[in-house]
Each structure stands twice: as structure tokens, then as C-alpha cells.
Amino acid sequence: MMFKDIWIPEMSLHCCSVSAITSLCLCVPAYKKKTSFHRSQTLGYKNGFAFSRLPTVGIGGERLYVNQPSQAELDELSNTGPTLTYGQAKKAPPSGFIPAHVAFDKKVLKFDAYFQEDVPLSTEEHYRIRQVGIYYYLEDDTISVTEPVVKNSGIPQGKLIRRHRVPKNDQGDHYHWKDLNRGINITMYGRTYRIVDCDPFTQVFLESQGIELNPPEKMVFDPYTELRRMPMRMYITPSDFDQLKQFLTYDKKVLRFYAMWDDTNSMFGENRPYIIHYYLADDTVEVREVHKPNDGRDPFPVLIKRQRLPKTFVDKKKTFPSCVLEISDQEVLEWYTAKDFAVGKPTTLLGRTFFIYDCDEFTRNFYRDKFGITDFQPVEIKKKPPEEVPQVIPPYNGYGFLEDSLQNCYSLFPKPPRKDVIKMLENDHKVLRYQVALESPNPVDAKRRFILSYFLSNDMISIYEPPVRNSGIIGGKYLEKTRVAKPGSTTENAEYYGPSDLTIGSTIEGKIQSGLVMLSEHRLSLPDLSFIAQTAYIPSII
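Residues numbered from 1 in each chain as written. Predicted model: local features only at pLDDT ≥ 70, side-chain atom pairs only at ≥ 80, totals over all residues. Heavy atoms only, no water.

Caption draft 1: Broad picture of the overall build of the chain. The secondary structure content of the chain amounts to twelve helices and 23 strands. Taking as baseline every contact in the chain between residues at least 6 positions apart, the subset at least 24 positions apart corresponds to 47%. Surface summary for the chain: the accessible area is close to 40600 Å², and the carbon and sulfur share equals 56%. (Helix = DSSP H or I, 4+ residues; strand = E, 2+ residues; numbered from the N terminus. Contact = heavy atoms within 4.5 Å. Areas by Shrake-Rupley, 256 points an atom, 1.4 Å probe, with all protein chains shown as cover.)

Quick look at the structure:
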């Protein structure tokens, strides 16, 4: 007999008696008693093969209705008699799984496109068209953009976008091959590309996937590049002159002219000799400098390198920058040839006028045979004598000796003047002394006496005033040892006092400079002073 689960509070159990519990149990309704508690057998054997079956009886022998077929299922089984009799129809075995990186290996979709780029800093073009190729790799849905390299374009070209999955928007989506088609614009990293066409493989693949392709468009080319590719229209009939024959005939044959460039009109200019070479093989001209030992110039051998020199230019605007552009036949009407060079005539080459005064023997023979010219008398070049600039010697300022100061006017690095060594050795320590008086309108100076010393070794004079007590005049050295020039002598022809000028009763005149005599301020402003010799010749050796 089975009982249902009944919840009885703990407190009520403690309070209830045994009789109460017994009466409570008797009130529970009775259930059918189960005697079999095993599970139904679901495994069995038939013809030696194990098979499983659904259980029909549950625990306790009760019948199960869950695993029994319904009436609809029984009707369906009755209608499938042939299938039960002959079995299921055989299906083809499923094909093996092929991953995308194997199925689409080395399969790339190629689209031809272009984009427009602004050129703000150019006067000849405002925008630029750049053609690119967009490659879509089917194996991993990656995209790369490559621009064909153009020689001498000056633009970084090649791979513009490396191979990777290109984002489509800000939501995290990426570009798929379904987003690519002809005649559409596609924006990648802020740059808009216009797809104009694709290759045949791409067209077949997209059409096989059910995508309707737009008609192809024409590729747009860069207008500035097309302008540069346009050939210049030639209005001059090409010459039938055989340049190869000229080269084979006149190879290694050069005309040599001796010329002079007169640059005396410019500052520090001079007449400079040059050699002009005219190459008969290709009508080019070269001008070389002639250097002499110790000419004071850098040894640059070539003044004008070997090239074709223009003689007459086409009329053009003054703003045409011909100095920085290569000269071609379109800018030149006439080039220099061999008949433009002649002895005794000036020739202007690139703005410099060269006077040709002679040539070599090969040049004479060539002109005699080619042009019939026989007059090759060389012209004698007379050099202009340099203008003599008179040397002006500034007046003597009184500082130092006159001969020593003149050396600064003769040389940048002055040398001391030469001395008469023999005279100095013979007359060393020989001095002539005189007592002289000062000739002055001031009566105070009439009583002053001086001692004049003349040194025979170097013709110098010094004057000394003996001090006199209570005279009010400070004695001492009146004239420093120096050479005294005679009145009227100039800086160029200076005359100094000698022993023959120092006689009793003679007058010595000389200007007293402030740097030679230590006198008071009022004596420095005195006029020319004269000394009167009153004593006889007194030689003495000090």
C-alpha cells in the first residue's frame, strides 16, 4: 500500500499522541500495490544482429502510450508500401567538403579604375587623373589597389593599398565581391575610385553568380600627360644631309683658332688669351683657357664645354627663361658653323666677344680647300700699357721717424729703413755740443741758455736746458733726440741739419712738436722757434 507525501509540522508531532497518528494514517486513501519494479528490455538480437527497440511497458508493468505510433503515423506507414517492400531509394553520395582557400586559390577579380587628384600648386594643371587596378582575392575576401609605375613621373606609385580586408562603413562591414561592378564609384579610405571595366574572368565569375554587370566605360586619361605626349608640329622640311657621312669623313678633325677676350672695361679686367676648337664631326665648339705660370688664376681648362652654339634665336618673349632650359632646334634659327670663324674678325659666343688673331696650319688648309680663303695674315695683338697711377704720399704727421713712416706707404708689410752701419761704427759716441740761446720776443726767454748736442753717428739733435734756481722755469730735456728737418723741406725730399749747418752765429729753425718736447701747454702753442749758437765748436765723447 502506498502513501502520499504529507507534511506535518514538527511542533504538531511532539504534541500528537500515537493514537492520533494512527487515526491519521487510516484516513489516507488506498493505492494499487506494484509488485514489478524492473525496466523494460530495449535491446535484442535478430538473425545474429543486435538492435534497439522502444520500451512499451513502464516500471510496475504499466503500459506506455508515448512510444506508440499515432493513427496518422499508422496511415502514413500503410501508404508507403513500396518503400517498405523495396527499401529507400539510393541517393548519390555527398561530395567531399572543399574549403574556400582551396576552391578559390589564385582566383582574383581585376577591375580597371581611376581616381582624380587635385593639384593646387601648378599653373599648367588643376587636377590629375591616376589610373589604378583593383584586385579582389576570392580566397580570403581581401582587396589591394596598385597603380602602374610611370617612368620619370615624380609621383610615388606602385601599391597604393596593401592587400587586406577593406572596411566598408563604420559598422564593421567589409567590402565583398557583390559590392563591385562596372560603372560605379567605390570609396576606400577617403579616396573615391571609378570602376570602368574588368577582365574576362571577372565578367564570367560575376555573371555565373547572378550579378548583372553594367556596360563598360572608357578609361579617362590625364589631360596634362596627353598634352606632353602630343608631338610638336614640324613646319621645317627635314634636311637630307647625311650626318653619318659627316662623322666618318671629319672624325678627329678639329679647327683651332687663337683668340683674345678683351675684358679691360670691367674692374680688374685684362686681355686674356683663349683657344677655340671647332669639331668638324658634329659642328660643336669648345673654348679653352690658356694658362701661364704664376698668372694668379685657378687652373680651369675649359671656359665653354663642347656643345653646339646658337647664332640666331627665334623671336620670343623677354620672360622666356632660356638660361635654364635646354636649347633645341625650335628656339634657334641658325647655329654656328665653320664659315662663321675667320682670322681678324670678332666672334660673339654666349655673350662674350672673342677676337680671332691666328689659327693653326690644318685650319688654313681646310679653309683654303673648302671655302677658297687664302688670307690668313695673323693680327698682332698690342697690349695696352697699364695706366700709371701717381703715388700720393700723405703729409708727415710727426709720429716716429720720417723714413720709418714712409715704409707704410710703399708696402703692405713695411720693413725698417736701412741704416749706414759704417757711419755708425766710425762715429759711435762722437757728439758735438753747442751752447745756444732762444730767439724769442718774450724778454724772459732772452736769459735762457740751452745745450745742443749733435750725434755724428745718426745725425740726430737733442736740446737740454740746465735748471737755474729762482728763474721760474723748469729745466731739463727741451728737445728729444731726433733729426731736425730744414725749413722748406718736403716729405718726398727731406733735408736735415748737418754739422756744416752748425756754425757760430748761425740760426737753427725748427717746429717743436708736442710728442717730442715735454713743455707746458702755453709753450706748445708758440710759433716757430729759433736757436742762436753763441759758443765755439766743442767736440766731446760721452
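Caption draft 2: Geometry of the nonpolar core. The biggest cluster of nonpolar side chains holds 24 residues, and the ones touching the most others in it are Ile134, Met188 and Tyr193. The biggest single contributor to this core is strand E3 (residues 108–118), with four residues. Leu255, Ala259, Val343 and Ile356 belong to the second largest nonpolar core, which has 23 residues in total. (Core = buried A, V, L, I, M, F, W, Y, C linked by side-chain atoms within 4.5 Å. Buried < 20%, exposed > 50% of the residue type's maximum accessible area, 1.4 Å probe, protein only.)

Caption draft 3: Representation of the side chain of arginine 272 within the structure. Mapped onto the fold, arginine 272 is located in strand E10 (residues 271–279). What makes arginine 272 buried here is its relative accessible area of 16%. A polar side-chain atom of arginine 272 sits 3.4 Å from a polar atom in the side chain of glutamate 289. Excluding its chain neighbours within four sequence positions, the residues that come into contact with arginine 272 are Ala259, Met260, Trp261, Glu289 and Arg297. (Polar contact = N/O pair within 3.5 Å; in protein donor to acceptor, adjacent residues only side chain to side chain.)

Caption draft 4: Inspection of the pairing of strand E7 (residues 185–188) at higher detail. Here E7 shows one buried face, formed by Ile186 and Met188, and one open face, formed by Asn185 and Thr187. Looking at chain direction, E7 and strand E8 (residues 191–198) are connected through four bridges and run antiparallel. Opposite asparagine 185, over in E8, you have arginine 194 as the bridge partner. (Pairing = 2+ DSSP bridges.)

Caption draft 5: Region of the structure containing the sheet that holds strand E4 (residues 127–137). What the six strands build is an open sheet, ordered E6-E5-E4-E3-E8-E7; its pairing is antiparallel. Looking along the sheet, the strands with just one partner apiece sit at the ends: strand E6 (158–164) and E7. Recorded for the sheet is a direction-independent mean angle of 30 degrees between the axes of neighbouring strands. Sheet analysis places strand E5 (residues 142–147) next to E6, joined by four bridges and oriented antiparallel. (Axes fitted to C-alpha atoms, helices over the stretch in contact; angles between N-to-C directions.)

Caption draft 6: Seen up close, the pattern of salt bridges. The tally for this structure, following the rule as stated, stands at 25 salt bridges. Notably, a salt bridge pairs aspartate 179 with lysine 168, separated by 3.3 Å at the nearest N-O pair. One end of the pair, aspartate 179, is in the loop between E6 and E7; the other, lysine 168, is in the loop between E6 and E7, with eleven residues separating them in the sequence. (Salt bridge = Lys/Arg side-chain N within 4 Å of Asp/Glu carboxyl O.)

Caption draft 7: Spatial organisation of the side chain of aspartate 459. Along the chain, aspartate 459 falls in the loop between strand E18 (449–455) and strand E19 (460–465). At 2.6 Å, the side chain of aspartate 459 forms a polar contact with the side chain of lysine 423. If near-sequence neighbours (up to four positions away) are discounted, aspartate 459 is found in contact with Lys423, Tyr454 and Arg483.

Keep in mind that these numbers describe shape and distance, not what the molecule does.
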